[in-house]
Amino acid sequence: MWALSPLTGLLVPLIGTLWGARASPYGRRRLFVAAGAAALVVGMKCFANGKVVAAAAAAADSAAAAPTAVPAAAPAAAAAIAAAAAASAAADSRG
């Protein structure tokens, strides 16, 4: 997490260079603004549903670590992910 700030600082000059050199029918900036907005929406959705994303990542990680057999806890993990998704959806509907 601590590395994100320096990495962002390194990306700014790169994006600025690409921004100035890019010419498209839509203009020089609109492509980058649209890509940034799309990345922002995806990031906000992942942040808002952090528990679901973390549970899915943990389930995918444990599934990748399993040799070939399906672990006995897979149905329980799927139920936990579904419950977390339902709780997140209920919290979103409440405001």
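Note that the structure is a prediction, hence the values are computed from the model and not measured.

Peer 1: Looking at this model, I keep getting lost on the overall build of the protein. Mind explaining?
Peer 2: Along the protein, the regular secondary structure elements total 4 helices and 0 strands. Helices (α) and strands (β) of the protein occur, in sequence order from the N terminus, as α-α-α-α. Evaluated residue by residue, the protein yields a buried proportion of 3% over its 95 residues. A total accessible area of about 7,500 Å² is found for the protein, and carbon and sulfur atoms account for 74% of it.

Peer 1: For this particular structure, what's the right way to read helix α2 (residues 30-48)?
Peer 2: Since the α-helix advances by 3.6 residues per turn, residues separated by three or four positions end up pointing in the same direction. End to end, α2 covers 27 Å across 19 residues, agreeing with the expected 27 Å (1.5 Å per residue, within 8%). Counting buried positions along α2 gives 0 out of 19 residues, so the element sits mostly on the surface.

Peer 1: Looking at this structure, I do not really get the confidence of the model for the protein. What am I missing?
Peer 2: The predicted structure's coordinates, where accompanied by low pLDDT, should not be read in detail. Across the protein, pLDDT averages 76, with 78% of residues at or above 70. Element-level pLDDT for the protein is lowest in helix α4 (residues 74-94), with a mean of 71, against a maximum mean of 88 in α2.

Peer 1: Teacher, can you tell me more about the environment of R30 here?
Peer 2: Tracing the backbone shows R30 in helix α2. Exposure remark for R30: the relative accessible area of 62% places this residue in the exposed category. Here the alpha-carbon distance between R30 and W19, two residues 11 residues apart in the chain, equals 9.6 Å.

Procedures and definitions
Here the residue index of a chain counts from 1 through its sequence in written order. Local features in a predicted model are, by the rule used here, given only for residues with pLDDT of at least 70; side-chain atom pairs are given and counted only at 80 or more, and totals for whole chains, interfaces and linings are based on all residues. Excluded from the side-chain calculations are hydrogens and water; all other atoms, namely the structure's heavy atoms, are used. Each helix is a run of H or I in the DSSP string that is no shorter than four residues. Each strand is a run of E no shorter than two, and both are numbered from the N terminus. Summary of the burial criterion: residues with accessible area below 20% of their type's maximum are buried, those above 50% are exposed, and those between are partly exposed, where the area comes from a 1.4 Å probe applied to protein chains only. With residues, only the protein chains shown are counted as cover, and all accessible areas are computed by Shrake-Rupley using a 1.4 Å probe. The length a helix should cover is 1.5 Å for every residue beyond the first. Confidence of the predictor at the level of single residues is given by pLDDT, which spans 0 to 100.

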